Amino acid sequence: MATKSKLETVFTGDDRPFNRVASRMRKTAQGLKKQFSGMRGAILGMGAGMAMRGALKKFDRFDKLSKQFKVSSETLQRFALVAELGGADIESMASATSKLNMSLHEAASGQVAYQREFENLGLDAKTMQLMNHEEQIATMADAIKNASNRNMAMAASQKIMGRSSANCFPYLSRAVQP
């Protein structure tokens with residue numbers, strides 16, 4: 001049967017050099033703590049300033065897009081929320097909306113390629129051109145959601161709304177109304 005034994009080792013020596021270093025390190029750490037506690041307010045202020053700057057930039061962007069598309073900022077914020085929930089962002093939505101405007105103009109002017117894409121989705125470009133942007137996006141979303149051929153709907157939406165519509169397709173195909 002195995003037995004356990006205990007080994008004790010006793011070291012003798014002068015521990016004063018170690019204690020001096022340890023004491024110096026404690027004093028340095030306390031000094032740094034005092035310095036950083038004084039800077040805490042400045043660091044928090046900088047963080048708050050950066051957060052405020054980001055929020056102001058976002059609000060400024062919403063204001064500019066609101067004026068560009070002649071929709072309220074609240075509507076854009078709803079679009080942004082829906083876009084984010086679908087995995088896109090407001091910039092993708094703005095790009096897709098700009099391309100949609102151009103495509104509607106081209107189709108209404110007689111451009112057969114664009115007319116065909118709207119017809120593939122069961123839409124009339126001339127009727128859509130009379131709608132506001134919010135109604136146009138909602139109409140596109142309904143057409144994509146109700147399309148019998150999902151691949152054709154995705155291809156048509158990319159032709160009509162540009163490459164950024166690929167980012168928007170997940171929430172457009174679910175017809176999530178902002």
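Relevant structure appears above.
Residues numbered from 1 in each chain as written. Predicted model: local features only at pLDDT ≥ 70, side-chain atom pairs only at ≥ 80, totals over all residues. Heavy atoms only, no water.

(A) View of the nonpolar core. One finds Ile90, Leu100, Phe118, Leu121 and Met140 to be the most contacted residues of the largest nonpolar core, which totals 29 residues. Beyond its immediate stretch of four places on either side in the chain, Ile90 contacts Phe62, Leu65, Leu76, Phe79 and Ala80. (Core = buried A, V, L, I, M, F, W, Y, C linked by side-chain atoms within 4.5 Å. Buried < 20%, exposed > 50% of the residue type's maximum accessible area, 1.4 Å probe, protein only. Contact = heavy atoms within 4.5 Å.)

(B) Local environment of the side chain of Thr75. Tracing the sequence through the fold places Thr75 in helix H2 (residues 73-85). Residue Thr75 is classed as buried on the basis of its relative accessible area of 5%. Among the polar contacts made by the side chain of Thr75, one reaches the side chain of Ser72 at a distance of 2.8 Å. (Helix = DSSP H or I, 4+ residues; strand = E, 2+ residues; numbered from the N terminus. Polar contact = N/O pair within 3.5 Å; in protein donor to acceptor, adjacent residues only side chain to side chain.)

(C) Inspection of the side chain of Ser103 at higher detail. Note on placement: Ser103 falls in helix H3 (residues 90-108). Taking relative accessible area as the criterion, Ser103 reaches 0% and is therefore assigned buried.

(D) Layout of unusual backbone geometry. Positive phi values are uncommon outside glycine, yet Lys70 reaches one of about 55 degrees. With respect to the helices and strands, the residue Lys70 is situated in the loop between helix H1 (16-69) and H2.

(E) Region of the structure containing H2. Its 13 residues give H2 an end-to-end C-alpha distance of 18 Å, which sits within 8% of 18 Å, the value for a rise of 1.5 Å per residue. Looking at H2, one finds that the buried residues are Thr75, Leu76, Phe79, Ala80, Val82 and Ala83. Buried residues of H2 fall within an arc of 165 degrees about the axis and therefore sit on the same side. Exposed side of H2, more than 90 degrees from the buried face: Glu74 and Leu85 are the residues found there. (Expected span 1.5 Å × (residues − 1). Arc of directions from axis to C-beta.)

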